[in-house]
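Next come the chains, spelled out residue by residue.
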Amino acid sequence: MSDTKHKIIIAVDGFSSCGKSTFAKAIAARLGYIFIDTGAMYRAVTLYALEHDAIRSGIVDEEDVVKLLDRISITFRFNPERGASDIYVNGDRVEGKIRTIEVSNCVSRVSAIPEVRRKLVAMQQEIGRRRGVVMDGRDIGTVVFPDAELKLFMTADPAVRACRRYKELTAKGMTVTMEEIERNIRERDKADMSRAISPLRQADDAIVLDNSHMTVDEQMAWFMEQFKIHNS
Ligand code: DC
């Protein structure tokens, strides 16, 4: 149920593996809003590039990725079992395939390609036109919706983040080591913050949430306070 007078856009940016998607999904469910995980969109393009040979031996061929872009149609369909939308590429559900370490290792380079960002940002802005959206990513409050009514910037201790990602992946049966995950998180933070186009940064008007030692319930209580303040 929504307790809004009017529907707003909520931008949730921050570092990888901070629990942004889990939190944004919970907020959307609480408010009756749509939840969009924009990281999944960059991951979907990366998966398609891997499957169509535009990434060879871990090397991203930017020109080849750009050539593939017109062939990629991304859609979302609500999955009641997950309580969130699954992502589809050209009609195929790819939700399960986009979270592998192989995709994680290449996604920062793919997401730094200007043409990729242009295409996905335009899609995200189109989705936001209907309002009542919680969107999580890296540039939502700075580039995609600079006028979003409520902007959150999430962060957490890197060791806590690595531990969370490790539990998440091993629970899905994936074979990964903690070292591999920590390395991936560190490299992605660096790449996301230092890329030339739309680098990860906190919007001036964003509210910081460090959830290193907070449960989802505590985060929700904190959020509802902020929501009341920003939506009254
Ligand atoms: O949220 P995530 O870890 O699934 O995101 C995967 C990658 O996509 C991340 O390393 C950076 C990129 N990304 C981005 O550049 N801009 C966004 N709005 C969302 C994600």
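Heads up: the structure comes first, above all this text.
This section reports on the structure supplied with the text. The shown structure was predicted, so the numbers you read here are calculated from the model rather than taken from an experiment. (Residues numbered from 1 in each chain as written. Predicted model: local features only at pLDDT ≥ 70, side-chain atom pairs only at ≥ 80, totals over all residues. Heavy atoms only, no water.)

Section: the packing of helix α2 (residues 38-51) against helix α4 (residues 101-111)
Relative orientation of the contacting elements α2 and α4 amounts to 105°, with a least axis distance of 9 Å. The angle between α2 and α4 places the two elements in the roughly perpendicular class. Taking contact as the criterion, the partners of Tyr42, Arg43, Val45, Thr46, Leu47 and Leu50 in α2 are, on α4, Glu102, Val103, Ser104, Cys106, Val107, Val110 and Ser111. Grouping the amino acids of the contact of α2 with α4 by side-chain chemistry returns eight nonpolar, three polar and two charged. (Axes fitted to C-alpha atoms, helices over the stretch in contact; angles between N-to-C directions. Helix = DSSP H or I, 4+ residues; strand = E, 2+ residues; numbered from the N terminus. Parallel < 35°, antiparallel > 145°, perpendicular 65-115°, else oblique. Contact = heavy atoms within 4.5 Å. Nonpolar A, V, L, I, M, F, W, Y, C, P; charged D, E, K, R; others polar.)

Quick look at the packing of helix α7 (residues 158-171) against helix α8 (residues 178-194)
Packed helices, taken two at a time, are described by the angle their axes make and the gap between the axes. The N-to-C vectors of α7 and α8 enclose an angle of 125°; their axes lie 9 Å apart at closest approach. With respect to α8, the element α7 is oriented oblique. Considering only the axes of α7 and α8, their crossing is right-handed. Here Arg161, Ala162, Cys163, Arg165, Tyr166 and Leu169 of α7 come into contact with α8, specifically with Met178, Ile181, Glu182, Ile185, Arg188 and Asp189. (Left-handed = near helix turned anticlockwise from the far one by under 90°.)

Observations regarding the site of the ligand
Lining the immediate surroundings of the ligand are 16 residues, of which Arg43, Arg117, Asp139, Arg188 and Arg195 lie closest. Measuring from an oxygen atom of the ligand, one finds a side-chain N or O atom of Arg117 at 2.8 Å. One of the side-chain nitrogen or oxygen atoms of Arg188 is found 2.8 Å away from an oxygen atom of the ligand. Coverage of the ligand by the protein chains reaches 98% of its 450 Å² of free accessible surface. Every element with two or more residues in the shell around the ligand is listed here: α2, α4 and α8. A per-element tally of the shell around the ligand places α2 first, with four residues. The residue inventory of the shell around the ligand, partitioned by class, reads three nonpolar, five polar and eight charged. (Near = heavy atom within 4 Å. Polar contact = N/O pair within 3.5 Å; in protein donor to acceptor, adjacent residues only side chain to side chain. Areas by Shrake-Rupley, 256 points an atom, 1.4 Å probe, with all protein chains shown as cover.)

Brief notes about the environment of Phe223
Within the secondary structure, Phe223 sits in helix α9 (residues 216-230). Judged by relative accessible area, Phe223 falls into the buried class, the value being 0%. Spatially, the C-alpha atom of Phe223 lies 22 Å from that of Ser85, the residues being 138 residues apart in sequence. (Buried < 20%, exposed > 50% of the residue type's maximum accessible area, 1.4 Å probe, protein only.)

Looking at the packing of aromatic side chains
Using the criterion set out here, one finds three aromatic pairs in the structure. Ring geometry for Phe15 versus Phe153: centroids 5.9 Å apart, planes at 80°, classification edge-to-face. On the criterion of sequence distance, the pair formed by Phe15 in the loop between β1 (9-14) and α1 (20-31) and Phe153 in strand β9 (residues 150-155) is long-range, its members being 138 residues apart. Both residues of the pair, Phe15 and Phe153, count as buried. (Phe/Tyr/Trp six-rings, centres within 6.5 Å; stacked < 30°, edge-to-face > 60°.)

Some points on the sheet that holds strand β6 (residues 84-89)
Pairing within the open sheet is antiparallel, and its three strands lie in the order β5-β6-β7. Strands with a single pairing partner mark the edges of an open sheet, and in this sheet they are β5 (74-79) and β7 (92-93). One ladder, built from two bridges, connects β6 with β7; its direction is antiparallel. Bridge assignment links Tyr88 to a residue of β7, and that residue is Arg93. Its contacts with the sheet place α2 against β5 and β6, and it is angled at close to 25° to β6. (Pairing = 2+ DSSP bridges.)

In short, geometric facts, not functional conclusions.
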